[in-house]
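# Observations on the three-dimensional arrangement
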Amino acid sequence: MLNLNAEWTATDPMKWTALQTEICMNVANAKFYAFVAEAERMAEFKRLGFVTRATAADYLHETAVYNQLYFEYGTDRIQKIMAEALESEAA
């Protein structure tokens, strides 16, 4: 049961419960994991001939820029995800 009368602690993560911390981290990481899934999906589209490798890379790059993934996770890490997906045997 939710305690709707509890003091709001959103501004102080040090007072968060383990569940609050887990929820926050899951949401924060969702963009990263969604990007990994989309990179794999673009690799499948490339393998099926729906898009070229260059188009897949361009779409993924624009997605990373739009969602600030380069800033949040670093250029090397994001480009590695793209490269591994598009260079896999399945792609």
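The structure contained in this document is the topic of the report that follows.

What counts and what doesn't
Residues numbered from 1 in each chain as written. Predicted model: local features only at pLDDT ≥ 70, side-chain atom pairs only at ≥ 80, totals over all residues. Heavy atoms only, no water. Salt bridge = Lys/Arg side-chain N within 4 Å of Asp/Glu carboxyl O. Helix = DSSP H or I, 4+ residues; strand = E, 2+ residues; numbered from the N terminus. Buried < 20%, exposed > 50% of the residue type's maximum accessible area, 1.4 Å probe, protein only.

A separate point is the pattern of salt bridges. All chains considered together, the criterion is met by five salt bridges. Between Lys31 and Glu72 there is a salt bridge, and its shortest N-O distance comes to 3.0 Å. Taken together, the residues Lys31 in helix H1 (residues 18–48) and Glu72 in helix H3 (residues 69–73) connect sequence positions 41 residues apart. The class for Lys31 is partly exposed, based on a relative accessible area of 33%. Of the charged contacts, one joins Lys80 and Glu84 as a salt bridge, the two residues approaching to 3.8 Å between their closest N and O atoms. Within this pair, Lys80 and its partner Glu84 are both found in helix H4 (residues 75–87), separated by four residues, close to a single helical turn.

Everything listed is a geometric property; what it means functionally is a separate question.
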